[in-house]
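Descriptive structure summary
So the chains spell out like this:
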Amino acid sequence: MKKVEILKKLQTAGIIAVVRGATTEEAMKASEAILAGGITGIELTFTVPSANTVIADLVQKYDNQPEIIIGAGTVLDAVTARIAIMAGAQFIVSPCFDAATAKICNLYQIPYLPGCLTITEMRTALEAGCDIIKLFPGSAFGPSIVKAFKAPLPQLNLMPTGGVSLDNMAEWFKAGVVAVGVGGNLLAPAAKGDFAEVSAVARQYMEKLNEIR
């Protein structure tokens, strides 16, 4: 059950690092620094030049560490999703729901996490077989919205992205999310080439996650 195993890994990882980068090299180094800091989930975005080659390189490099999970982010269409899956991406994340992308992910037994912001979008995504829905941008609401969404849809598995920080991560998990997506403040040092600091921030996030759990 490939999809079930990947979903378990996503939930175990708890934190999915959203990796952007101006160059292929920066994205690769940032990903390596994040993994060195203990975070096991990487969402490599397709805003990175030659993102599929970075995904393939990461999948190959960490093939012997089964707890590490590499996925693709900012996937806007089914063509990009298939390119990512062929490169070895284990999950696909979009900023919005796309029916064709959901179909191609189901075909390959790959979890699809679309960005949704309304009950209507979430219902559509659930009907299309999405097991985890990305609440995006999380900063538009904050942790208190989770309860409101889960009232009519108690079966909802949410992963907020955007607006998740060390300060509010515990609140998100307390509200009932299955994982969180973290980008901005985790990756800020990478833009300056300080990858040791990226690892240090990743460690802080993992320490916080272990406290919460």
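Scroll up a little and you will see the structure.
From a predicted model like this one, the values you see are computed outputs, not experimental measurements.

We now examine the pairing of strand 1 (residues 15–19). The element strand 1 is largely enclosed, with a buried count of five among its five residues. Taking every second residue as pointing to the same face, both faces of strand 1 are buried, with Ile15, Ala17 and Val19 on one and Ile16 and Val18 on the other. In terms of strand pairing, strand 1 meets strand 8 (residues 180–182) through three bridges, oriented parallel. Looking at the pairing, Ala17 lines up with Val182 of strand 8. For strand 1 and strand 2 (residues 41–45), the ladder comprises four bridges, and the chain directions are parallel.

So, on to the packing of aromatic side chains. Two measures describe an aromatic ring pair: the distance that separates the ring centres and the angle between the ring planes. Throughout the structure, instances matching the rule amount to two aromatic pairs. Ring centres of Phe97 and Tyr112 lie 6.2 Å apart, and the angle between their planes is 40°; on these two criteria the pair is classed as tilted. Linking Phe97 in the loop between strand 4 (92–94) and helix 5 (99–107) with Tyr112 in strand 5 (residues 112–116), this pair joins segments that are 15 residues apart in sequence. Tyr112 gets classed as buried once you look at its relative accessible area, which sits at 4%. With 5.8 Å between their ring centres and 80° between their planes, Phe141 and Phe149 make a pair best called edge-to-face. Classification of Phe141 as partly exposed rests on a relative accessible area of 36%. Its guanidinium or amino end placed over the ring of Phe136, Lys134 lies 4.2 Å from that ring's centre, counting from NZ or CZ.

Turning next to the packing of helix 9 (residues 184–191) against helix 10 (residues 195–212). Viewed as axis vectors pointing N to C, helix 9 and helix 10 meet at an angle of 165°, and their least axial separation amounts to 7 Å. If you check the angle between helix 9 and helix 10, you find them roughly antiparallel. For the element pair helix 9 and helix 10, the recorded crossing hand is right-handed. Counting all contacts with helix 9, which are made through Asn185, Leu186, Pro189 and Ala190, the residues of helix 10 involved are Phe195, Glu197, Val198, Val201, Ala202 and Tyr205. Of the residues belonging to the contact of helix 9 with helix 10, the class tally is eight nonpolar, one polar and one charged.

To continue, consider the side chain of Ser94. The topology assignment puts Ser94 in strand 4. At a separation of 2.6 Å, a polar atom in the side chain of Ser94 contacts the main-chain carbonyl oxygen of Val75. At 3.1 Å, the side chain of Ser94 forms a polar contact with the side chain of Tyr112. Discounting chain neighbours no more than four positions away, the residues touching Ser94 are Val75, Thr101, Tyr112, Leu113, Pro114, Gly115 and Lys134.

Cut-offs and rules
Residues numbered from 1 in each chain as written. Predicted model: local features only at pLDDT ≥ 70, side-chain atom pairs only at ≥ 80, totals over all residues. Heavy atoms only, no water. Buried < 20%, exposed > 50% of the residue type's maximum accessible area, 1.4 Å probe, protein only. Helix = DSSP H or I, 4+ residues; strand = E, 2+ residues; numbered from the N terminus. Pairing = 2+ DSSP bridges. Phe/Tyr/Trp six-rings, centres within 6.5 Å; stacked < 30°, edge-to-face > 60°. Lys NZ or Arg CZ within 6 Å of the ring centre and 35° of its normal. Axes fitted to C-alpha atoms, helices over the stretch in contact; angles between N-to-C directions. Parallel < 35°, antiparallel > 145°, perpendicular 65-115°, else oblique. Left-handed = near helix turned anticlockwise from the far one by under 90°. Contact = heavy atoms within 4.5 Å. Nonpolar A, V, L, I, M, F, W, Y, C, P; charged D, E, K, R; others polar. Polar contact = N/O pair within 3.5 Å; in protein donor to acceptor, adjacent residues only side chain to side chain.

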